[in-house]
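# Architecture at a glance
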Amino acid sequence: MNAKLSTDIQKFIISFVVIATIHSEAAVRYVDINNTAPTAPYIGWPIAATNIQDAVDLSSNGDTILVAEGLYALKTDITVTNNINILGAGNPELTIIDGGHNGRGFHLGATFSVIGGFTIRNGIGFSDEGGGIYCNSRSPVVYNCLIQGNVSGDGGGMKEGTAFNCLFMNNTAFTWGGGGISGGIAYDCSFIENEAAGADGGGLRLSDAFGCTVVSNTARRLGGGMCGGTASNCTFSGNYAMYGGGIASGTADDCEVRKNRELPSPGDPYFGGEGGGIYEVDAVNLLLEDNYAYWYGGGMYGGSALSCNITSNGSDEGGGAFAATIHNSLVVRNVADHGGGMSGGSAVNSTIYNNGGWITVDGARQVAATNCIIQGNDFFSGPSGSSYFHCCAPDAEHGVDGNITNAPEFVSSSDYRLVFNSPCIDAGNNSEVVWTSDLEGNPRIVNAMVDMGAYEYNPELSDSDSDGITDDWELMYFSCATGCAAAGYADADPCNNLAEYVAGTDPTNMLSYFRITKADACQEGFVVNWDAVSNRLYGIDWRADLINDFQSLEQDISYPQNKYTDTVHVASEQSFYSLNVKHK
């Protein structure tokens, strides 16, 4: 588990208790299954309760219960009605709440209770909600717990509540879904091998997940990893469902969705099989990679994708996406029988490249495309049926509706940014632009007109020949974006062209190069001078001779400072100084 998060949560718990003591005298009670002399009110280890419920029943708002390591076998739920803290005092893996399939681990209701440091296992939700933990709001907090092997109809591991840094494993929901959690919030949690045997959300259902890992969960119907809610900065891998192997419904941003599968119903192969990665999800900045669907949408089915990377997915139709709305995205190396890149839906300012179709149209089949690059795809047979507006595509009518058929001119076969002479630069139409940034996060419109494809060409940021020097600098001094050799010496001074670019000096003037311009002793010490340039950071190093290594004196000196005074080595008989520079 995440040690840093554990510490942060403990700080939160301490604050919670301190706040409570402002209003009342909060007590600390103790529970130890192995204690031989339990005596109420259980305010020390020697008189600790042996039953958690006994300590809970005596507790008031703000109280804390510390529970020693041991196996606590339950005959019914631990029911909490006040705002208290119940904390494992040892190793969570050795502080075990075992429901024995007699009831849940905890019934927390809508309290502001905090539970932490336990293994909660073998619970069952007889009322069909929350096998391990039941809450009827998101107010209760559960942290640093292993929630394992619990069952219910809705929320096998946990119903509602808020979980921090917990592991949900091998829990099952038989009726509604949410094998791990249903209706709650999860921060930095892991969901592994949970199951929604009856319906939706193998890992999570109608919940919000932040920084979670969701692996190898299954759902009978929707969302093997997650169904509904919001996922942010999460990883979904190896999950299975009939619709949406990774995620179904809801929204997702900054997530990785890899190696999920969407398979049809075992009893009816024509039922299901849609959305290997995601199904009807509104996605922003997702990586959809190596997902598979039996029928439609290997990467995604329906929904929308903004600034997403959809790569190496497969299905029968729409290897990358089926019936989806895609903006600002990259759709590459996907495969399908029909429409390897996309089938159906629409695409704006996206690059659909190097996709494969085993039977018909591989790039974009029956897609409404605007400002897109649809090139380099394996084409087998049949018309695409797509409509193009300001697109670069081989089957477009060149010169009609702003379309072109030229090669797009990328940086390389695997780098889909445009080079300086690409015909796709300034060739789009601004009316369909819905986002201010391109796929790389750079400004979407640099000149008056938007570019085609997922990336906007910007000479101040682009490097067409990948030599470490931006196009605008090469254009300024050599009249061509690929006009200089980085290792060359255009003006025969001591610095090569790359060094001059980094330093901000003039590569065509032999008197302009990076160096210490003056070094003099003064009353305060020894002063080193140089010609400073904006957007650069400078550093000064020192050594006493030519044998020993340099020692750093100061780094990250910003323009307009152009000198440094060494007040440490004034008495040295000799000193050697080195000046370095980097882009800010």
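Scroll up for the structure.
Note that the coordinates shown come from a computational prediction; the quantities given were computed from them, not determined experimentally.

Each helix and strand in the chain was counted, giving 4 helices and 59 strands. Compactness check: the chain gives a C-alpha radius of gyration of 31 Å against a globular reference of 25 Å for 584 residues, more than 25% above the reference. Seen through its C-alpha atoms, the chain measures out along the principal axes to roughly 90 × 85 × 40 Å. Counting over 584 residues, the chain shows a buried share of 53%. By sequence separation, contacts in the chain at least 24 residues apart represent 39% of the contacts at least 6 residues apart. A total accessible area of about 24000 Å² is found for the chain, and carbon and sulfur atoms account for 51% of it. Looking at the chain, you have 25 positive and 66 negative side-chain charges, and the mean spots of the two groups are 7 Å apart.

The subject of this paragraph is the side chain of D32. As for its position among the elements, D32 is in the loop between β1 (28–31) and α2 (52–58). The buried charged residue D32 lacks any salt bridge, with R121 as its nearest oppositely charged partner at 16 Å. Only 3.0 Å separates the side chain of D32 from the backbone nitrogen of N34, close enough to count as a polar contact. Not counting residues up to four positions away in its chain, the partners in contact with D32 are W45, A48, A49, T50, A68 and Y72.

Going from A40 to P41, the amide bond is cis rather than trans, its omega being 10°. Inspection of the secondary structure assignment puts P41 in the loop between β1 and α2. The amide bond that connects Y559 to the next residue, P560, takes the cis arrangement and shows omega of 15°. With respect to the helices and strands, P560 occurs in the loop between β57 (551–558) and β58 (563–566).

Attention now goes to the pattern of salt bridges. Per the counting criterion, the structure on display carries 15 salt bridges. Salt bridges here are not isolated pairs; linked through shared partners, they connect D154, K159 and R205.

Spatially, β54-β55-β58 is the arrangement adopted by the 3 strands of the open sheet, whose pairing is antiparallel. With partners counted over all chains shown, the strands left at the sheet margins are β54 (516–521) and β58, one partner each. Geometrically, the sheet is characterised by an average inter-axis angle of 15° between neighbouring strands, direction not taken into account. Looking at chain direction, strand β55 (residues 526–530) and β58 are connected through 4 bridges and run antiparallel. Bridging across to β58, N529 finds its partner in K563.

With that out of the way, let us pick up the sheet that holds strand β59 (residues 576–583). The antiparallel open sheet is built from 3 strands, whose spatial order is β57-β56-β59. The sheet is open, and its two edges are formed by β57 and β59, each paired on a single side. Averaged over neighbouring strand pairs, the angle between their axes works out to 20° when direction is ignored. Relative to β57, strand β56 (residues 536–543) runs antiparallel, the two being bridged by 5 bridges. Its bridge partner being in β57, Y538 is matched across the sheet by I557.

When we look at burial in helix α3 (residues 471–478), the residues that qualify are D471, W473 and E474. The buried residues of α3 occupy an angular sector of 160° when the element is viewed end-on, so they sit on one face. As for α3, its buried residues are in contact with α4 (497–503). Just downstream of α3, S479 is the residue with a positive phi angle, here 65°.

Our next topic: the packing of aromatic side chains. Using the criterion set out here, one finds 19 aromatic pairs in the structure. Ring geometry for Y187 against F210: centres 5.2 Å apart, planes inclined by 15°, an arrangement best described as stacked. With a gap of 23 residues between them, Y187 in strand β19 (residues 185–187) and F210 in strand β22 (residues 204–210) connect regions that are remote in the sequence. One aromatic cluster is present, formed by Y243, Y279, Y296, Y301 and F322 through successive ring pairs.

The rules behind these values
- Residues numbered from 1 in each chain as written.
- Predicted model: local features only at pLDDT ≥ 70, side-chain atom pairs only at ≥ 80, totals over all residues.
- Heavy atoms only, no water.
- Helix = DSSP H or I, 4+ residues; strand = E, 2+ residues; numbered from the N terminus.
- Rg over C-alpha atoms; globule rule 2.2 N^0.38 Å.
- Buried < 20%, exposed > 50% of the residue type's maximum accessible area, 1.4 Å probe, protein only.
- Contact = heavy atoms within 4.5 Å.
- Areas by Shrake-Rupley, 256 points an atom, 1.4 Å probe, with all protein chains shown as cover.
- Lys, Arg positive; Asp, Glu negative; His and termini not counted.
- Charge placed at Lys NZ, Arg CZ, Asp CG, Glu CD.
- Salt bridge = Lys/Arg side-chain N within 4 Å of Asp/Glu carboxyl O.
- Polar contact = N/O pair within 3.5 Å; in protein donor to acceptor, adjacent residues only side chain to side chain.
- Pairing = 2+ DSSP bridges.
- Axes fitted to C-alpha atoms, helices over the stretch in contact; angles between N-to-C directions.
- Arc of directions from axis to C-beta.
- Phe/Tyr/Trp six-rings, centres within 6.5 Å; stacked < 30°, edge-to-face > 60°.

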